[in-house]
Structures are given as C-alpha cells and as structure tokens.
Amino acid sequence: MKVGILINPKHGHTMRAYSELVEIIRRSHTRYRSATTTKQWPGVEQASKLLDWGADLIVILGGDGTLRVSAPVLASANVPVLIIPTGTANVLSRHLGIRSTRQALQLVQKYLDSPFAPRCGVPVNVADCFTEAGPRREHFLSLAGIGGDARAVSGRTRLPTGLGWGILGYAYGAGRALFAPLISAHLTTPQSSGPPRQSPGGHAAPGAESDSQPNELPLETTTANYVWSVMASKTARPAGPIPVFDRARPTAAKFELLAVELSTTKPGDRLGEWALIGWSCVNRRPAAHAAMHYWQGTEASITLDDPAPVQLDGDLIGDCRRLDLRAGTTALTIITAN
C-alpha cells in the first residue's frame, strides 16, 4: 500500500498530528509521500501528484477548505480519503463522526491493519459563480451561501490585529453579519425539486455535470424576494451545535435549501428576530419561524440585482451577481468511524 498525505500547515497542531501520523505509517512498514498546500497552490496540484505517484489512500490533514479544493480530483480517481480534522470548523468531518485528530489517527491505524473499513460517498457539488470578471466554476461538499452567511465568513478577516482567526474570527464575522442589509434575489428552481416546506416569498415554488464553463440550467420557476441569505446545505449543523438544516445529510442526493427573509432592518428589532429564530432552531423547529423558508432540490439558481458575497464550505469566493448550484453526481469516498 502507498499512502499519500496532503497537509495544510495553517494551524500549528497540524504538524503535531502529522508527526504522529508518520510514526503510525512507519510502524506498519507502509510507503508514504507528503505534499504541503500553499495559498497559491491550495491542493489540486498536490493531490494530483500524489495520485500520479500511485497512492492507494489519501490522508488529508486540514479542514473543510482543503477538502473542498482537492475533492474533484480525488473523487474522479476513486481513491479512498481519510480526514484528520485540523482545520477551524471541520464541518464535514464532524458530520461524518470524525470529531478529533486522536480519533482520526486511530482510524489510520485500523485502516493500515485492515483496509476493509467503513466508508461513505460524499457528492462533490458544483457552484457556478458569475462575477464581474466572468463565470467561475467551483465545487463544495457541505454548504454554499450567498448574502449574509457569506458576509459572516468575510467578516472574520476584519478582526483587530493580534486577535487571530480561528473560531473567534467566525464568531466576530457572524456577529457583524446579523445586521447585514437585505438583498433582492430572484430564486429559480426546476419542477423536479418539488415544493418547499415553506416556499420563498409565500409562493408555491415547485421543485451530468462537467468541469467545463457554466451552462444555462433548465430551470422553470422563479420567485423574487428580499432576503438576508440563500443557502444550500448537505450538513445539519454548519455553524456549530445548533441544528439549522434538519433534513440535510453529507451523503444525500439533494440539497436542503434555505432562504432567510428577515422582516426588520432596525438593529433592535433585527436582534429580536434573530433571537426568535435561534429559539426555534434550538427547539429543532427552525421552519416554524416565518423568516425561514426551506425546500429540497438538486439544482437552484440565485440571481441578484446587486452583487453580494458567496462562500463555499467556509471559503469566501467573492462578490457575484448570480450563483447556480447543482448537487454532485460524482462522490468522494471517505473512510468513516462506523
């Protein structure tokens, strides 16, 4: 067996986990090769080289961003992936039951002892982002969002000097984004998506990818709304312990989509509205609040009157006038705990 190791060295504990990983691999007398990501080369080229070397298993030391970037090439190769979660949020690994580096290292040991380990297929979803510079194709695994939730991601970069990033950065960005302005969005979904549980704007919205340039989607139903954000999720708790998407699953064929239509703009009223939304989520009834409009589908297109930020798996993509989303038809094979 050959083990390829893809390392995102952004966090200090990544290299500590790497040292332990190498010791486990050496004890099993297994060949390995490592590649480190950089800001300019975030993972695609390194993953491709590890595959060209003949890796039978790819171990990723990083977070959601490293997985997102390398997922298309790894899914195409159909090589199993084992995640050692050393990122900031580690949303996907948490939802797959891998909650710590210690647990992940134990999984490596078990796999090297016996490669017949439990695994699952996580679809690699497509996002066509239409920016001022032109169309741009990206991929994601857990969550895509445009508007307020992407402003939460962008807000973490505005932390005062010296406070760092990490979870503090997400919390800081989220606090600022709660009061983000509403955006005028035109939501388009195909007939096959089926009706939402609570359709955007109060109207009944009915419901083989490639890596080429974005194409027009065969979409049939459009509603116009003022929204705080529109999101498409494959994970139930993308922002921490509170469930927001109760039907979302990483391995699901469909997205759970959400349009958040806040009714207030004054800071005090907005804070009260968010408190009620939070209470509904804590009680596992997020759709009970009038601002939370959910539906399921494999495709959606969001067109804005003015550009707004887009985020994919916690990576800020930039300002877009339109975002087309498709659920993936190829899957990343991930080793799981059970």
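Now for a quick tour of the structure. (Residues numbered from 1 in each chain as written. Predicted model: local features only at pLDDT ≥ 70, side-chain atom pairs only at ≥ 80, totals over all residues. Heavy atoms only, no water.)

## A closer look at the overall build of the protein chain
Put simply, the rule is: Put simply, DSSP H or I for four residues or longer makes a helix, DSSP E for two residues or longer makes a strand, and each gets a number counted from the N terminus. Here's how the labels work: a residue is buried when its accessible area is under 20% of the maximum for its type, exposed when over 50%, partly exposed in between, all with a 1.4 Å probe on protein chains only. Accessibility throughout is a Shrake-Rupley quantity obtained with a 1.4 Å probe, and a residue counts as covered only by protein chains that appear here.
Across its full length, the protein chain holds eight helices and 16 strands. In the protein chain, buried positions account for 54% of the 338 residues. A total accessible area of about 14900 Å² is found for the protein chain, and carbon and sulfur atoms account for 54% of it.

## Remarks on the state of the cysteines
Cysteine pairs can be linked by a disulfide, which is a covalent bond between their two sulfur atoms. Heads up, the rule is: Cysteine sulfur atoms are paired as a disulfide whenever they fall within 2.5 Å.
Evaluation of the coordinates by the stated rule reveals zero disulfides. Summary of cysteine pairing: Cys129 is not part of a disulfide, and the nearest cysteine sulfur, belonging to Cys320, is at 4.6 Å.

## Quick look at the packing of aromatic side chains
Definition in use: Stacked, tilted and edge-to-face pairs are distinguished by plane angle, under 30 degrees for stacked and over 60 for edge-to-face with tilted covering the rest, among Phe, Tyr and Trp rings (Trp via its six-membered ring) whose centres lie within 6.5 Å.
Scanning all chains against the criterion turns up three aromatic pairs. Judged by centre distance (5.7 Å) and plane angle (10 degrees), the ring pair of Phe140 and Phe255 falls under stacked. The exposure class assigned to Phe140 is buried, which follows from its relative accessible area of 0%. Where Trp228 meets Trp274, the ring centres are 4.9 Å apart and the plane angle is 75 degrees; that geometry is what we call edge-to-face. Linking Trp228 in the loop between strand S10 (221-227) and strand S11 (229-233) with Trp274 in helix H8 (residues 267-282), this pair joins segments that are 46 residues apart in sequence.

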